[in-house]
Amino acid sequence: SEEEFACLTFTPDFDFTALELVNVECGIPGGSFIYNENPTNPKFIWYHPQNMAVGQEPVFTLTFVVKEGAREGKYPVTLVFNENDICDENGSRIPLQVEAGEITIFRYLLADVNNDLSVDSADVVKLARYLVYLETEINTYGADVNKDSNVDGRDLIKLARHMAGAEVIEGAGY
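Residues numbered from 1 in each chain as written. Predicted model: local features only at pLDDT ≥ 70, side-chain atom pairs only at ≥ 80, totals over all residues. Heavy atoms only, no water.

A few points about helix 1 (residues 121–131)
Stage number 1. For helix 1, the full list of buried residues reads Asp123, Val124 and Leu127. Along the long axis of helix 1, the arc covered by the buried residues comes to 100°, so they all point the same way.
Stage number 2. If you follow the buried residues of helix 1, they end up packed against helix 2 (140–143) and helix 3 (153–163).
Stage number 3. By the N-cap criterion, in which a side-chain oxygen at the helix start approaches the backbone nitrogen of a residue two or three places on, helix 1 is capped by aspartate 120, the distance to alanine 122 being 3.1 Å. (Buried < 20%, exposed > 50% of the residue type's maximum accessible area, 1.4 Å probe, protein only. Helix = DSSP H or I, 4+ residues; strand = E, 2+ residues; numbered from the N terminus. Arc of directions from axis to C-beta. Contact = heavy atoms within 4.5 Å. Polar contact = N/O pair within 3.5 Å; in protein donor to acceptor, adjacent residues only side chain to side chain.)

Right under this line is the structure:
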C-alpha cells in the first residue's frame, strides 16, 4: 500500500569501522533531496510542499564499500529517524516502520569452487558434480568464473580450460 509523505529525514546507522557509505539515491519522483555526504555523520532528507505517494519501490538506495581491513561477518544497517521528521504536508506525524538490512562481508577466490582457498582439479570435479545435483554446497561466488551471475556449464568449461592451461581466468587464485 502507498503512504503519503511530505518529509522524510534519516540518519544511516552502520559500523563505520567496516563500511563506508559512498552514495544515497532517492527513488521518489519529484520533491527535493539533500544528502550531506559526511562520512562520520551522514544524513539525508527528502521533502515536497505537498504530500507525495510512496509505494513499495525502493525509496532510498544506499551504496557502501567495504573498508580495508574489515573483518568477515554480518553488519546490520538501518535508518534512524526522529518521529517529528516523518510528516505530511500539514506537519502531522506519520507512523513509520523501518526494516533493518544487513551486509555480509566475506572473502573468496575466483574459481575456488570447494572453498579451500586454492584452485585445482578438485574445483572442476566439484563444479561438475554440482551441475548434475550430486553436490549441494559450493562457493557460488568462486564458481561463477565468467562473472555473469549464473553458475552453469559455461563456468565449468572455462574452469576446465583454465586447469588445462588453454585459458586464463583473470583473478583466479592458486
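Here's the deal with the packing of helix 1 against helix 3
Stage number 1. Between helix 1 and helix 3, whose axes approach to 10 Å, the crossing angle comes to 160°. Regarding the angle of helix 1 to helix 3, the classification is roughly antiparallel. Like other packed secondary-structure pairs, helix 1 and helix 3 cross with a definite hand, here left-handed. Counting all contacts with helix 1, which are made through Ser121, Asp123, Val124, Leu127, Ala128 and Leu131, the residues of helix 3 involved are Gly153, Asp155, Leu156, Leu159, Ala160 and Met163. (Axes fitted to C-alpha atoms, helices over the stretch in contact; angles between N-to-C directions. Parallel < 35°, antiparallel > 145°, perpendicular 65-115°, else oblique. Left-handed = near helix turned anticlockwise from the far one by under 90°.)

Focus: the sheet that holds strand 3 (residues 32–35)
Stage number 1. Taken together, the five strands give an open sheet; going across it, the order is 3-4-1-6-7, and neighbouring strands pair in antiparallel fashion. Two strands close off the open sheet at either side, each with one partner strand: strand 3 and strand 7 (101–105). Taken over all neighbouring pairs, the strand axes of this sheet differ in orientation by 25° on average, direction set aside.
Stage number 2. With four bridges connecting them, strand 3 and strand 4 (residues 44–54) associate as antiparallel partners. Across the sheet, the residue bridging to phenylalanine 33 is tryptophan 46, located in strand 4. (Pairing = 2+ DSSP bridges.)

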